[in-house]
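Chains, contacts and geometry: an overview
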Amino acid sequence: MREKLLNINELAVHFKLEEGIFKAVDGINISVGKKETVCLVGESGSGKTLTALAVMRLIPKPGFIAGGEVLFLGQDLLKVQEEQMREIRGARVSMVFQEPFTCLNPVYTVGDQIGESVDLHIGLKGLQKKTRVLEVLQLVGISDATRVYGAYPHELSGGMRQRVMIAMGIVSEPDLLIADEPTTALDVTIQAQILELLAALKEKLSLSILLVTHDLGIVNETGDRVYVMYSGRIMESGPKKDIFSGTKHPYTEGLLKSVPDLGPVKNRLYTIPGSIPEPLKVPGGCRFHPRCPYVMDICREKEPAETKFNGEHSAWCFRYGK
Amino acid sequence: MENNILAVKNIKKTFRTSGGIFAAGRSIYAVNNVSFEIGEGRTRGLVGESGCGKTTVGKIILGLEKPDSGEVSFNGKKISGLAEKELRPVRKDMQIIFQDPFASLNPRIRVGNAIGEALKIAGAADTSSRVKDIIKEVGLPEDTYYRYPHEFSGGQRQRICIARAIVSRPKFVVCDEPVSSLDVSVQSQIINLLKDLKDEFRLTYLFISHDLRVVKNICDSISVMYYGNIVEEGESEDIFAEPRHPYTRLLISSVPSIATPAAGARNRAAEAGKKEKSAPGRALHRNSEIEKGCAFYSRCLLRQNRCAGNIPELRDTGRGHKAACFLQEK
């Protein structure tokens, strides 16, 4: 087994609402190895983004981290002082968000914004700082780096902005890059370029990537290992090959069957009946049971435990064990 | 051949940009000489990336946007250029489903009234029974009639929008990215619903989307748009099996797929498109005043000298499969 860079253990993120406590992330375990791309896949509301934000300790109020640990190189990020966290955040672990339009400050130039990170995390100033920023802009595939350096975000296209965001994320040479739906707002051809860029950077910088996405196609093309999340819980996890060709969990199976793909056209697409549970109405037992085609009595009563298959492949389902 | 319910002929639409305080505005082609027909009961996909003009085409067809030139005929009758009053009876037969079901429903109007509005405008007296029928038809609970939009999830709202579009029994529906804001497991439900309704109500769709995976699963024929021009069109299977235009190949090869490496169409396209995948980012909007050469020229890696100065025409390469590329000419 590879050495792990990040170990998330029994992480729980809760929201205090008037009507009660919403367990958005309800005790999950995720690990990311060195130079590994791990995909966290799920539908909206499954808690995948909150998991990513919890690693950065950026959970928005009224949410809070209710338990568990986030071990980064053996150190629990949930226990370090905020001051120390600030040194880790952006320097050792950085994050790229979905909307490159809202995440850049419109009144500063690209050079200023990336430069700020260089200044804070590497301590370079003046000309050295500028050289470093230009270097990283070239690294993310921007050929006219000098122009982009002095440009404001509104002068750039969506794909360019996302490249700038990635540049900002990697300028401090982090160990782990968390990318939350980095290509969802982009056109397919640009998406393909950004995914290629991430794969290239992973090799060049020995980067580990935690990629949050809802698109199984992206998972198939970029991931090494996959976690399938549903309503705050992991349903299945394992190497990509096992998830796609040795699918165990009914939810994964349903997802794979229902996505329209470029393969042979089916007259009707498979559908998972129903919809994802509402925040405060998460069903008891296995939370997927109301939508599961194989539901048994026990699924309504108890939550399934992990069943391990070959290697790192696991599923949480009573069809395979307790 | 079946009857063409809709024909679009040489439509053009330019928008003027404001050039700032001192500079003159530029005019930009949103739609440049687009023509196609849709046979009754068929689904035509209009595919392209954001900004290619696909939504503008949809709006022009529905009379929500006026073309600079060209014409739209519906059921053999020219409808472009008609006055609002004359258009009204035609409107009943043409509807639209928008992308964002959160933005396209009025939060203060009960769902039943929102759906019934189209009927009232068309002059129907008793709408409630027909609205209730349609609510059942699209798979919503019966009490939907009296509830407000915020009580529904994204997928259910899209069902409401679909109900609203088909309640007046239209013949033709423009679906503008109807599933792109929905979750994967809900997407397939809505796609199936659209297919069922099409069979049941004998509908004809213009399906506008950027997602080739969805388009492949719902459309009979496809037009690929690039910066206001149709660069390729044909039967869906032909286009996916043998894309002719470099841009179509680029699009298909860019789609992340769950198919294992052995699977067919995509990989053949990927093979053909391998070079194109690393093509430069994106072209700038073309200035209509310096209109010359192929629109895809700046991104195309197979470009030749003649592509810069001449505009390739859509040419039939067999079975109605057309491409606008000089490389297709012998």
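Residues numbered from 1 in each chain as written. Chains lettered and ligands numbered in written order. Predicted model: local features only at pLDDT ≥ 70, side-chain atom pairs only at ≥ 80, totals over all residues. Heavy atoms only, no water.

1. Things to note about the overall build of chain B
Cut-off, in case you're wondering: The numbering of helices and of strands both runs from the N terminus, where a helix is a DSSP run of H or I of at least 4 residues and a strand a run of E of at least 2. Whether two residues are in contact is decided by their heavy atoms: any pair within 4.5 Å suffices. For the area figures, the Shrake-Rupley method with a 1.4 Å probe applies, and any residue is considered shielded solely by the protein chains shown.
Helix and strand content of chain B: 11 helices and 12 strands. Excluding contacts between residues fewer than 6 apart, the proportion of contacts in chain B whose partners are at least 24 apart in sequence is 65%. Accessible surface computed for chain B: about 14,800 Å², of which carbon and sulfur atoms make up 48%.

2. Things to note about the pattern of salt bridges
Inclusion rule: By convention in these notes, a salt bridge is any Lys or Arg side-chain nitrogen within 4 Å of a carboxyl oxygen on Asp or Glu. Think of it in three bands: residues with accessible area under 20% of the maximum for their type are buried, residues over 50% are exposed, and the middle band is partly exposed, with areas taken using a 1.4 Å probe on protein chains only.
This model, assessed by the stated rule, comprises 34 salt bridges over all chains. Two residues, A:Asp215 and B:Arg213, come together in a salt bridge whose shortest N-O distance is 2.8 Å. Residue A:Asp215 is located in the loop between strand 8 (208-213) and helix 8 (216-222), and its partner B:Arg213 is located in helix 7 (residues 212-218); the two belong to separate chains. Take B:Arg213: its relative accessible area is 12%, and that puts it in the buried class. Across the salt bridge formed by B:Glu177 and B:Lys54, the nearest N and O atoms sit 3.9 Å from each other.

3. Quick word on a negative patch on the surface
Residues and elements named next belong to chain B. Put simply, the rule is: Patch membership needs two things, relative accessible area over 30% and no salt bridge, and members are linked within 9 Å if like-charged or within 5 Å if nonpolar (Val, Leu, Ile, Met, Phe, Trp, Tyr). The charge count includes Lys and Arg as positive and Asp and Glu as negative, but it does not include His or the ends of the chains. By convention, charge coordinates are those of NZ in Lys, CZ in Arg, CG in Asp, or CD in Glu.
On the surface, Asp133, Glu137, Asp199 and Glu200 cluster together into a negatively charged patch. Elements with a minimum of two residues in the negative patch: helix 4 (128-137) and helix 6 (184-201). For Asp199, the location among the structural elements is in helix 6. Classification of Asp199 by relative accessible area gives exposed; the value is 59%.

4. Quick look at the packing of aromatic side chains
Short version of the rule: For this analysis, a ring pair means two rings from Phe, Tyr or Trp (six-membered ring only for Trp) whose centres lie within 6.5 Å, classed as stacked if their planes differ by under 30 degrees, edge-to-face if by over 60, and tilted for the remaining angles. Criterion for a charge above a ring: Arg CZ or Lys NZ at most 6 Å from the ring centre, at most 35 degrees from the ring normal.
According to the stated counting rule, one finds 11 aromatic pairs over all chains in the structure shown. Relative to A:Phe288, the ring of A:Tyr230 has its centre 5.2 Å away and its plane inclined at 85°; by these criteria the two rings are edge-to-face. In this pair, A:Tyr230 sits in strand 9 (residues 225-230) while A:Phe288 sits in the loop between helix 10 (250-258) and helix 11 (297-301), placing the two residues 58 residues apart along the sequence. Like A:Phe288, A:Tyr230 is buried. Both rings, one in B:Tyr226 and one in B:Tyr227, keep their centres 4.8 Å apart while their planes meet at 80°; by these two values the pair is edge-to-face. Aromatic ring contacts, followed pair by pair, group B:Tyr226, B:Tyr227, B:Tyr247 and B:Phe296 into a single cluster. For A:Lys257, the ring lying beneath its charged end belongs to A:Tyr270, and the centroid distance is 4.2 Å. Across from the ring centre of A:Tyr294, 3.7 Å away, lies the NZ or CZ of A:Arg319, which sits over that ring.

5. A closer look at helix 9 (residues 246-254) of chain B
Burial runs high along helix 9 of chain B: 9 of the 9 residues are buried. Those residues of helix 9 of chain B lying buried are B:Pro246, B:Tyr247, B:Thr248, B:Arg249, B:Leu250, B:Leu251, B:Ile252, B:Ser253 and B:Ser254.

6. Brief notes about the interface of chain A and chain B
Note on interface size: it is often stated as the accessible area lost on association of the parts. To keep things clear, this is the line we draw: Once two parts are put together, the accessible area they lose, assessed with a 1.4 Å probe and summed over both, is termed the buried area. In the scheme used here, Gly and all other residues not listed as nonpolar or charged are polar, with Ala, Val, Leu, Ile, Met, Phe, Trp, Tyr, Cys and Pro taken as nonpolar and Asp, Glu, Lys and Arg as charged.
Taken together, the contact between chain A and chain B spans 39 residues of the former and 36 residues of the latter. Across the chain A to chain B interface the summed buried area is about 3,400 Å²; carbon plus sulfur atoms make up 53%. At the junction of chain A with chain B, the criterion picks out 2 salt bridges. Broken down by secondary-structure element, the contributors of at least two residues to the side of chain A that touches chain B are helix 7 (188-205), helix 8 and helix 10 of chain A. With 7 residues, the top contributor of residues to the side of chain A that touches chain B is helix 7 of chain A. Among the residues forming the side of chain A that touches chain B, the class breakdown is 17 nonpolar, 13 polar and 9 charged.

7. What to know about the confidence of the model for chain B
Residue and element names in this part refer to chain B. Applicable threshold: Values of pLDDT, which run from 0 to 100, indicate the predictor's confidence residue by residue.
This prediction gives chain B a mean pLDDT of 85; 89% of its residues lie at or above 70. Counted against residues more than four places away or in other chains, residues 262-290, with its pLDDT under 50, gives 72 contacts. Prediction confidence for the complex, expressed as pTM and ipTM, is 0.87 and 0.83 respectively.

8. Considerations on the packing of helix 5 (residues 154-166) of chain B against helix 6 of chain B
Residue and element names in this part refer to chain B. Stated precisely, the cut-off is as follows: Working convention: axes come from line fits to C-alpha atoms, limited for helices to the stretch in contact. Angles between N-to-C directions cover 0 to 180 degrees. Throughout, the term roughly parallel applies to angles under 35 degrees, roughly antiparallel to angles over 145, roughly perpendicular to angles from 65 to 115, and oblique to all others. Should the near helix be turned anticlockwise from the far one by less than a right angle, the crossing is termed left-handed; should it be turned clockwise, right-handed.
Where helix 5 contacts helix 6, the two axes come as close as 10 Å, and the packing angle between them is 15°. On the basis of the axis angle, helix 5 is roughly parallel to helix 6. At the point where helix 5 passes helix 6, the crossing takes the right-handed sense. Contact residues: helix 5 offers Gly155, Gln158, Arg159, Ile162 and Ile166, while helix 6 offers Val186, Gln189, Ile190, Leu193, Leu194, Leu197 and Phe201.

9. Section: the pairing of strand 4 (residues 69-74) of chain B
Residue and element names in this part refer to chain B. Definition in use: Note on pairing: two strands pair once DSSP finds at least 2 bridges between them.
Relative to strand 4, strand 1 (residues 4-16) runs antiparallel, the two being bridged by 5 bridges. Residue Lys9 lies in a different strand from strand 4, and its bridge partner there is Glu71. Relative to strand 5 (residues 77-78), strand 4 runs antiparallel, the two being bridged by 2 bridges. When the bridges of strand 5 are listed, Ser73 appears paired with Lys78. Where strand 4 folds back onto strand 5 in an antiparallel hairpin, the turn is made up of 2 residues, including Asn75, whose phi is positive at roughly 55°.

10. Brief notes about the environment of A:Phe288
Residues and elements named next belong to chain A. Overall, Phe288 belongs to the buried group, its relative accessible area being 1%. A C-alpha to C-alpha distance of 8.9 Å links Phe288 and Met235, two positions 53 residues apart in sequence. Setting aside residues up to four positions removed in sequence, Phe288 forms contacts with Tyr230, Met235, His249, Pro250, Tyr251 and Ile272.

11. A few points about the sheet that holds strand 4 of chain B
Strands sit in the order 2-1-4-5 (chain B) across an open sheet of 4 strands; the sheet is antiparallel. Each end of this open sheet is capped by a strand with a single partner; those strands are strand 2 (27-39) and strand 5 of chain B.

12. Let's talk about the sheet that holds strand 11 (residues 315-316) of chain B
Residues and elements named next belong to chain B. With mixed pairing, the 8 strands of this open sheet are ordered in space as 6-7-8-3-9-10-12-11. Whereas interior strands pair on both sides, the edge strands pair on one side only; in this sheet they are strand 6 (94-97) and strand 11. Of the strand pairs in this sheet, strand 6 and strand 7 (residues 172-176) are connected by 4 bridges, and their pairing is parallel. Looking at the pairing, Ile97 lines up with Cys175 of strand 7.

13. Thoughts on the state of the cysteines
All names here are of chain B. Rules: Any pair of cysteine sulfurs within 2.5 Å is marked as a disulfide.
Throughout the structure, instances matching the rule amount to 0 disulfides over all chains. For the unlinked cysteine Cys300, the closest cysteine sulfur is that of Cys325, found at 6.2 Å. A relative accessible area of 9% means that Cys300 is categorised as buried.

14. Points about the side chain of A:Ser231
Looking at the element boundaries, A:Ser231 is found in the loop between strand 9 and strand 10 (233-239). The contact partners of A:Ser231, leaving out residues within four places of it in the chain, are A:Gly45, A:Ser46, A:Pro277, A:Val282 and A:Arg287.

15. Concerning the environment of B:Phe98
All names here are of chain B. Along the chain, Phe98 falls in the loop between strand 6 and helix 3 (111-121). Relative accessible area serves as the criterion here: at 34%, Phe98 is assigned to the partly exposed category. Between the C-alpha atoms of Phe98 and Lys78, which are 20 residues apart in sequence, the distance is 25 Å.

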